[in-house]
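Residues per chain are reported as follows:
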Amino acid sequence: QPAQKAHVTMAEASSQAPAVKDWECDSDDSEDEDGAIPDHEQVIETTELGFLDADEEAVFMTSPNFPSKAGGKPAWLNFDDLPHDLSCAFCGKQMKFLVQVYSGDVYGGAHNFHRATHVFACPSGCNEPGSNTGFRAFSSTLEQENEFYAFEPPSPVSEEPAVFKQQPTTPLCTMCGNPATDETNMYCSQEHKTKHQHQLAGASGDGEGEGFVYREQLLVLEDVEEVLAKAVTKTEEELMADLRQTTEQLQLEEDAMSATPQDLKQFSGKGDKVVNRFRKIVDQNPDQVVRFKPGGRPLWIGSCVPKDSDIPPCSHCKQPQQFEMQVMPQLIELNELEGLDFGVVAVYSCPTSCSNETTELFVWHNKVDE
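Just so you know, these numbers come straight off a predicted model, no measurement behind them. (Residues numbered from 1 in each chain as written. Predicted model: local features only at pLDDT ≥ 70, side-chain atom pairs only at ≥ 80, totals over all residues. Heavy atoms only, no water.)

### A word on the overall build of the protein chain
- Secondary structure assignment for the protein chain yields seven helices and eleven strands.
- Going through the 370 residues of the protein chain one by one, you find that 49% of them count as buried.
- Taking contacts inside the protein chain between residues at least 6 apart in sequence as the whole, the part at least 24 apart equals 74%.
- Surface accessibility of the protein chain: about 18,000 Å² in total, with carbon and sulfur atoms responsible for 48%. (Helix = DSSP H or I, 4+ residues; strand = E, 2+ residues; numbered from the N terminus. Buried < 20%, exposed > 50% of the residue type's maximum accessible area, 1.4 Å probe, protein only. Contact = heavy atoms within 4.5 Å. Areas by Shrake-Rupley, 256 points an atom, 1.4 Å probe, with all protein chains shown as cover.)

Printed below as a string of structure tokens:
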């Protein structure tokens, strides 16, 4: 495929973002995670969790080293087949690379020898619940024999970083590493072009990419056993204390002191149960920033979750897409994501990763209930 495949004009790029859909979330219809866990039983399940490693050198987080990582510029996999558009469906701003997970050893098929999933976020903080609301994700694959990388992948214990077999020529944005879409093959958007021109003119002391990429850190994935018990059921006294504290924060002390059983029932609804379960599981490994479990179940933080009818089938083979991974809200603090606020960003993909083309995946943003 020609290297020019990723090159489109800025006008074309702005017209290719997915359509925005308004989601009406009914918490009564949302999935009950506790339903899969028998009463009075402790269930232990293994999940691949991602933790940040700030000590890894940047040279080991480049494409030939097939990294999982957060922030920096994307370590693209197939440079001949990059996303044509990375703009936010809401505000049209160029999205920032958030995280990527390498999964070359997970899916079958020669085209999946190398595989990576890239997740992007809107820097303006577009974070409504549902799909296509400020987050986008793409999968890409590559056979073992390819033009960019050595036939044998680098050893995980190598002290020297791997390098390209053949240097890619696909134009990338100087500022953020997204595909370039302007006539100079240097920028993904007019905003990034203007910023860089100001830097070159000495109007800004920022370094290249400053403010257009998040902090770069290696993402280390480990199989971890977790106890998936039912969420702790609070006593009536504990729930009343929580209710009074919440209403006091809203300067409604007189209402708090006269809370009725109906108030208690409303306060202890599904959203409270979901958050309790989330905290109970996350507290076992509080520094996790990614959960990777193809075919598994997401760990929700709010009650607005997708129904089966919300999740479109694979755009290639038409099989139902399944959960692949999720980005956790801990990433905001641990990777210093200034200006971002999100709950759980869940990514769904084809269960067989059937296509050898770069494919946009289904993303669902699950927010904490307000």
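### What to know about the pairing of strand 7 (residues 217-227)
- Pairing between strand 1 (residues 44-53) and strand 7: ten bridges, direction antiparallel. Within strand 7, the residue paired with L52 across the bridge is L219.
- Pairing of strand 2 (residues 69-70) with strand 7, which is carried by two bridges, proceeds in the antiparallel orientation. Bridge pairing in strand 7 places K69 opposite L218. (Pairing = 2+ DSSP bridges.)

### Focus on the nonpolar core
- Core analysis: the largest hydrophobic core is formed by 24 residues, its most contacted members being L98, V119, M325, V327 and F342.
- At the level of elements, strand 3 (96-102), strand 4 (114-121), strand 6 (135-142), strand 8 (290-292), strand 9 (322-327), helix 7 (330-334), strand 10 (344-349) and strand 11 (359-366) are the ones that each hand at least two residues to this core.
- Looking at this core, the element that brings in the most residues is strand 3, giving three residues.
- Ranked by size, the runner-up nonpolar core spans 18 residues in total, among them F278, V282, V305 and W364. (Core = buried A, V, L, I, M, F, W, Y, C linked by side-chain atoms within 4.5 Å.)

### Observations concerning the side chain of N335
- With respect to the helices and strands, the residue N335 is situated in the loop between helix 7 and strand 10.
- Here the side chain of N335 touches R215 through a polar contact of 2.8 Å, landing on its backbone oxygen.
- Setting aside residues up to four positions removed in sequence, N335 forms contacts with L52, A70, G71, Y214, R215 and Q217. (Polar contact = N/O pair within 3.5 Å; in protein donor to acceptor, adjacent residues only side chain to side chain.)

### Here's the deal with the confidence of the model for the protein chain
- Looking at the protein chain as a whole, its pLDDT mean stands at 84, while 75% of the residues score no less than 70.
- Every residue in residues 1-15 scores below 50 in pLDDT, and together they form 34 contacts with partners more than four places removed in sequence or on other chains. (pLDDT = per-residue confidence, 0-100.)

### Section: the pairing of strand 4
- With eight of eight residues buried, strand 4 is to be regarded as a mostly interior element.
- The alternating pattern of strand 4 places H114, A116, H118 and F120 on one face and R115, T117, V119 and A121 on the opposite face, and all of these are buried.
- Bridge analysis of strand 3 against strand 4 gives six bridges, and the strand direction is antiparallel. From the neighbouring strand, K96 faces strand 4, where its bridge partner is A121.

### Quick look at the environment of A70
- Here A70 is to be found in strand 2.
- Taking the C-alpha atoms as reference, A70 lies 5.6 Å from E216; in sequence the two are 146 residues apart.
- Setting aside its immediate chain neighbours within four residues, A70 contacts L52, F97, L98, V99, R215, E216, Q217, L331 and N335.

### Topic: the pattern of salt bridges
- Within this structure, the stated rule accounts for ten salt bridges.
- A salt bridge links R115 to E324, with the nearest nitrogen and oxygen atoms 3.0 Å apart. With R115 in strand 4 and E324 in strand 9, the pair connects residues that are 209 residues apart, well separated along the chain. Each member of the pair R115 and E324 is classed as buried.
- One salt bridge in this structure joins K193 and E183, with 3.1 Å as the shortest N-O distance. Here K193 is found in helix 2 (residues 190-200), whereas its partner E183 is found in the loop between strand 6 and helix 2, with ten residues between them in sequence.
- When its relative accessible area of 14% is taken as the criterion, K193 is described as buried. (Salt bridge = Lys/Arg side-chain N within 4 Å of Asp/Glu carboxyl O.)

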